[in-house]
Amino acid sequence: RREDAARLRSASSCGSRAVAAMAPRRAAVAVSSSSSAILLVLPLVVASAGLSGYFGTKSRYEEVNPHLVRDPLSLGPTAAGSRLPAACAPLQLRALLRHGTRYPTAGQIRRLGELHARVLRRPAASAAAAACPAAAALAAWQMWYEESLDGRLAPQGRRDMEHLARRLAARFPALFAARRRLVLASSSKHRCLQSGAAFRRGLGPSLSLGGHEVEVEVNDSLMRFFDHCAKFVALVEENDAAMCQVNAFKEGPEMRKVLEKVASALCLPVEELNADLVQVAFLTCSYELAIKNVTSPWCSLFSEEDAKVLEYLNDLKQYWKRGYGYDINSRSSCILFQDIFQHLDKAVEESKSSKPISSPLIVQVGHAETLQPLLALMGFFKDDEPLKANNYVKQTHRKFRSGQIVPYAANLVFVLYHCDQVKTSKEEYQVQLLLNEKLMLFHHSNETISTYTDLKDYYKDILENCHFKEECELPKINVTAIDEL
């Protein structure tokens, strides 16, 4: 699309080299889980210096729903503002979930090992230890992450999913009642398959699911649509120039200040650190909190102001790689968006024909990268100005904050209702949308409820004119030569 070409042209002027490494992608191995369905309720600690609100996509789900700290099965604030007529009954629920809390990836673990080794190589003299208490604490910290953990679901991630399942069942008891059919699909990634299995366990034995056990079906064409979009992979995913704003911010004054402060705290020459290593230290603080429920010594390196800078770095990457930065980021998700409405259409048709709803419950488990483009496609969390390397201060109150949108266990839920005693036939079918269990305001009405007809009209262009194959076809040019775009 012309807009993407223009943005990539401007990106090339940032000084980043345009590199399209068209390396083959490794297929994920699906592994099933048979762990027991034990629901553990653990108290949650508060990260030191109030850092936990700035962990971006590595944020705990409790950051967006603090009431779950006290009671992980609490539904929280009531949906009193929904204004849903009393005579409405839910027909279909379509839930798109991000997997639960996970371990770091192998690459992050390698970088953490490299950083920890540099801390250990410091002079161990008592004077140095006194001057750098943070470094001394980190030298005593045990590096327990192993590369074999590589992004797998953590025990807390299983609890995230089990608790979410129980809360959704409590919120929509009619849909989750016995003998209702559940369709459960997942990305092929191990953490998503395990999250799906944990969600199913959370529903307990009461849901007979039409008399048969549910298996988690792998569907990467919907849950990892981005992998199947050649244009996105070549021009964004594997193109360094597309991340120009991210790279510029890494070299900018805000990150430089954080870098120098961390180097000083560790008694290391600033040349031994870079933005990626500092970010790994910050994310280790987030992992220790989310996975082990502890405030890590890594957290002591950062103030709340540092955390805001590192959150912005994370958000910049999400914005340019998964959000509004390039149109192809969101347009590639239209295959999933259209599938959602095809199933809603079918439920409406079945209801009008007085047939039982064939798929009252559809739950699909994917990634932050599944949800973020879809929400951008729908126009949510869009700021008046793009997020850029040079407008950090201006974006202090931005809408696009990935930790608020897609933390671990993030969920986007479409609920279709059939309503009796309505004034017009158009009002017979209505829809609500929940993000992370909170009702969303629809753009076209500024209400938390919409007639299904109005919702389809609002998104008519996407539903009728977004064709995945054509959208994702790679332009017949040399993708390394951005100027040709």
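With an unreviewed UniProt entry as reference, the protein is termed Multiple inositol polyphosphate phosphatase 1, source organism Nyctibius bracteatus. Reading the Subcellular location (unreviewed entry) entry of the UniProt record for the protein gives the comment "Cell membrane".

Considering the overall build of the protein
If you tally the helices and strands in the protein, you get 20 helices and 8 strands. Relative to its 485 residues, the protein shows a buried fraction of 54%. Pairs at least 24 residues apart make up 81% of the contacts formed inside the protein by residues separated by at least 6 positions.

Some words on helix α12 (residues 275-292)
With 18 residues, α12 extends 25 Å from end C-alpha to end C-alpha; this agrees with the ideal 26 Å at 1.5 Å per step. Among the 18 residues of α12, 16 are classified as buried, and the element is accordingly described as predominantly covered. The N-cap of α12, judged by a side-chain oxygen 3.1 Å from the amide nitrogen of Asp276 a few residues on, is Asn274. At the exit of α12 stands Asn293, carrying a positive phi of roughly 60°.

Considerations on the packing of aromatic side chains
Per the stated rule, a full pass over the model turns up 20 aromatic pairs. A centroid spacing of 5.2 Å and a plane angle of 65° characterise the contact between Phe249 and Tyr312, whose relative ring orientation is edge-to-face. Placement of the pair is Phe249 in helix α10 (residues 244-250) and Tyr312 in helix α13 (residues 304-321), with a sequence separation of 63 residues. Judged on exposure class, the residue Phe249 and its partner Tyr312 are both buried. Each residue in the set Phe337, Phe341, Phe414, Tyr452, Tyr458 and Tyr459 is aromatic and connected to the rest through ring pairs, giving one cluster. Taking the ring centre of Phe226 as reference, the NZ or CZ of Arg322 above it sits at 4.9 Å.

Some details on the pattern of salt bridges
Here the structure, examined in full by the defined rule, presents 19 salt bridges. A salt bridge links Glu471 to Arg331, with the shortest nitrogen-to-oxygen separation between them at 2.9 Å. Highlighted residues: Glu471 in helix α20 (residues 468-471) and Arg331 in helix α14 (residues 327-331), separated in sequence by 140 residues. Neither Glu471 nor Arg331 differs from the other in exposure class; each is buried.

Calculation notes
- Residues numbered from 1 in each chain as written.
- Predicted model: local features only at pLDDT ≥ 70, side-chain atom pairs only at ≥ 80, totals over all residues.
- Heavy atoms only, no water.
- UniProt positions renumbered as here; feature names shortened; annotations may be inferred.
- Helix = DSSP H or I, 4+ residues; strand = E, 2+ residues; numbered from the N terminus.
- Buried < 20%, exposed > 50% of the residue type's maximum accessible area, 1.4 Å probe, protein only.
- Contact = heavy atoms within 4.5 Å.
- Expected span 1.5 Å × (residues − 1).
- Polar contact = N/O pair within 3.5 Å; in protein donor to acceptor, adjacent residues only side chain to side chain.
- Phe/Tyr/Trp six-rings, centres within 6.5 Å; stacked < 30°, edge-to-face > 60°.
- Lys NZ or Arg CZ within 6 Å of the ring centre and 35° of its normal.
- Salt bridge = Lys/Arg side-chain N within 4 Å of Asp/Glu carboxyl O.

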